[in-house]
Amino acid sequence: MSRRRQIYEGKAKVLFEGPEPGTLVQYFKDDATAFNNQKKGTITGKGVLNNRISEFIMLRLAEIGIPTHFVRRLNMREQLIREVEIVPVEVIIRNISAGSLAKRLGIAEGTPLPRSIVEYCYKNDELGDPLIAEEHVTAFGWATPPELDEIMSMSLRINDFLMGLFLGIGIKLVDFKLEFGRLYDDQDQVRIVLADEISPDNCRLWDVQTNEKMDKDRFRRDLGGEAEAYQEVARRLGILPESGPHDMKGPEVMQ
Ligand code: UDP
């Protein structure tokens, strides 16, 4: 692990001071938690895989013009990121009913939604990240109305792009969680950028043919085979070729 000064330790990642002002080093742990920290465990190799998967996705998103905090991967478990002021709102985008939506509204898991749905949760562990309305976000000043518009339109664009990316490798993007941050430039101008990570820890990914879960639900629901599932996602993305550790190539298209 980095010998730099630790800034913050979360459930799955640690943030260290970066080499230059305005940067941080994001270290990916193997620790897994669920149900607001009530269930704890480790998934061997998860940190390494999520570092690679998140790098791959952030780079693809940057290519279509989505600004992100990602700078570059440093090693197996660390990536260099820009320091941002995190907006305390978790954005959840859903395409198929699952998890808390299925429970809350009684819509059977696996039911395709009539259109993609964006939900917001207040990022607060003590309160268990409660579901909130747009009104709360702006009324309490967690984001301004223009920032929220930007967050919403970026989230839908990311969803469209990632749905296609995953479908191309035989995976349904059921739902996922995004976090955004404010990036201040030299002139103190601020813009919203995608932050955190995108990995099987915060996406639901189901195999198109078998509906097999390839994400953290394997851990949440004691299904086993978590590490293998994360590895399979990486393999299909072309990040983990059978022939050994190469650098990124394109996604492997499934028939
Ligand atoms: N999610 C997340 N962090 C959270 C809550 C949810 O990454 O604190 C992700 C989760 O992995 C899933 C999506 O957001 O892909 C929707 O989660 P849901 O609201 O169904 O909650 P859950 O059933 O996971 O409690």
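Heads up: the structure comes first, above all this text.
Residues numbered from 1 in each chain as written. Predicted model: local features only at pLDDT ≥ 70, side-chain atom pairs only at ≥ 80, totals over all residues. Heavy atoms only, no water.

Peer 1: Tell me what's going on with the environment of Gly45, and back it up with residues and numbers.
Peer 2: Among the secondary structure elements, Gly45 is positioned in the loop between strand E5 (39–42) and helix H1 (46–63). When the C-alpha atoms of Gly45 and Asp160 are compared, they prove to be 29 Å apart, with 115 residues separating the residues in sequence. (Helix = DSSP H or I, 4+ residues; strand = E, 2+ residues; numbered from the N terminus.)

Peer 1: Tell me about the pattern of salt bridges, and name the residues and values.
Peer 2: A complete count under the given rule lists 30 salt bridges for this structure. Here Arg52 makes a salt bridge to Glu55, at a shortest N to O gap of 3.6 Å. With Arg52 and Glu55 both in helix H1 and 3 residues apart, this pair spans about one turn of that helix. Note that Glu85 and Arg182 form a salt bridge whose closest N and O atoms lie 2.8 Å from each other. Residue Glu85 is found in strand E8 (residues 85–86), and its partner Arg182 is found in strand E12 (residues 171–184); the two are separated by 97 residues along the sequence. Judged by its relative accessible area of 10%, Arg182 is buried. Residues participating in the shared-partner salt-bridge network are Arg94, Arg104, Glu109, Glu119, Asp175, Arg204, Lys213, Asp217, Arg220 and Arg221. (Salt bridge = Lys/Arg side-chain N within 4 Å of Asp/Glu carboxyl O. Buried < 20%, exposed > 50% of the residue type's maximum accessible area, 1.4 Å probe, protein only.)

Peer 1: Quick rundown of the environment of Asp129? Include the residues and the values.
Peer 2: Position of Asp129 among the secondary structure elements: in the loop between strand E10 (112–122) and strand E11 (131–132). Of the residues examined, Asp129 reaches a relative accessible area of 18% and is grouped as buried. Distance from Asp129 to Asn36, taken between C-alpha atoms, is 8.2 Å for residues 93 residues apart in sequence. If we skip the residues at most four places from it in the chain, Asp129 touches Glu90, Cys121, Tyr122, Lys123 and Asn124. A polar atom in the side chain of Asp129 sits 2.9 Å from the backbone nitrogen of Asn124. (Contact = heavy atoms within 4.5 Å. Polar contact = N/O pair within 3.5 Å; in protein donor to acceptor, adjacent residues only side chain to side chain.)

Peer 1: So what's going on with the packing of H1 against helix H4 (residues 145–167)? Which residues, and what values?
Peer 2: In helix packing, the relevant descriptors are the interaxial angle and the interaxial distance, both defined with respect to the helix axes. Contact geometry of H1 with H4 gives a least axis separation of 11 Å together with a crossing angle of 120°. It follows that H1 is oblique to H4 by the angle criterion. Remark: the crossing between H1 and H4 carries right-handed chirality. When H1 is examined against H4, the residues Phe56, Ile57, Arg60 and Leu61 are found in contact with a partner set consisting of Ile158, Phe161, Leu162, Leu165 and Phe166. (Axes fitted to C-alpha atoms, helices over the stretch in contact; angles between N-to-C directions. Parallel < 35°, antiparallel > 145°, perpendicular 65-115°, else oblique. Left-handed = near helix turned anticlockwise from the far one by under 90°.)

Peer 1: Provide a residue-level description of the site of the ligand, including the pertinent values.
Peer 2: Neighbouring the ligand are 15 residues, the closest being Arg94, Ser100, Asp175, Arg204 and Arg220. Contact between the ligand and Asp175: an oxygen atom at 2.6 Å from a side-chain N or O atom of the residue. Between Arg204 and the ligand, the recorded distance is 2.8 Å, taken from a side-chain N or O atom to an oxygen atom. Protein contact buries 77% of the 500 Å² of open area that the ligand shows by itself. Every element with two or more residues in the shell around the ligand is listed here: strand E9 (89–96), helix H2 (99–105), E12 and strand E14 (203–207). Within the shell around the ligand, the residues separate by chemical class into 4 nonpolar, 3 polar and 8 charged. (Near = heavy atom within 4 Å. Areas by Shrake-Rupley, 256 points an atom, 1.4 Å probe, with all protein chains shown as cover. Nonpolar A, V, L, I, M, F, W, Y, C, P; charged D, E, K, R; others polar.)

Peer 1: Run through the packing of aromatic side chains, naming residues and quoting values.
Peer 2: Geometrically, a pair of aromatic rings is defined through the distance of the ring centres and the angle of the planes. Across all of its chains, the model carries 2 aromatic pairs by this definition. Judged by centre distance (4.0 Å) and plane angle (10°), the rings of Tyr122 and Trp142 are stacked. Taken together, the residues span a long stretch of sequence, with Tyr122 in strand E10 and Trp142 in the loop between helix H3 (134–139) and H4 at a distance of 20 residues. Between Phe140 and Trp142, the aromatic rings sit 5.2 Å apart at their centres with planes inclined by 40°, giving tilted as the arrangement. Looking at Phe140, the relative accessible area reads 55%, which means it is exposed. (Phe/Tyr/Trp six-rings, centres within 6.5 Å; stacked < 30°, edge-to-face > 60°.)

Peer 1: Account for the packing of H1 against helix H6 (residues 226–236), with residues named and values stated.
Peer 2: Relative orientation of the contacting elements H1 and H6 amounts to 25°, with a least axis distance of 10 Å. Considering the angle they form, H1 stands roughly parallel to H6. For the pair H1 and H6, the crossing hand works out as left-handed. On H6, the residues touching Lys46, Leu49, Asn50 and Ile53 of H1 are Ala227, Tyr230, Gln231, Val233 and Ala234. For the contact of H1 with H6, the residue count by class is 6 nonpolar, 2 polar and 1 charged.

Peer 1: Just give me the short version of a negative patch on the surface, but keep the residues and values in it.
Peer 2: A cluster of acidic side chains, namely Glu134, Glu135, Asp149 and Glu150, defines a negative patch on the protein surface. At the level of elements, H3 and H4 are the ones that each hand at least two residues to the negative patch. With respect to the helices, strands and loops of the structure, Glu135 is situated in helix H3. (Patch = residues over 30% accessible without salt bridge, like charges linked within 9 Å, V, L, I, M, F, W, Y side chains within 5 Å. Lys, Arg positive; Asp, Glu negative; His and termini not counted. Charge placed at Lys NZ, Arg CZ, Asp CG, Glu CD.)

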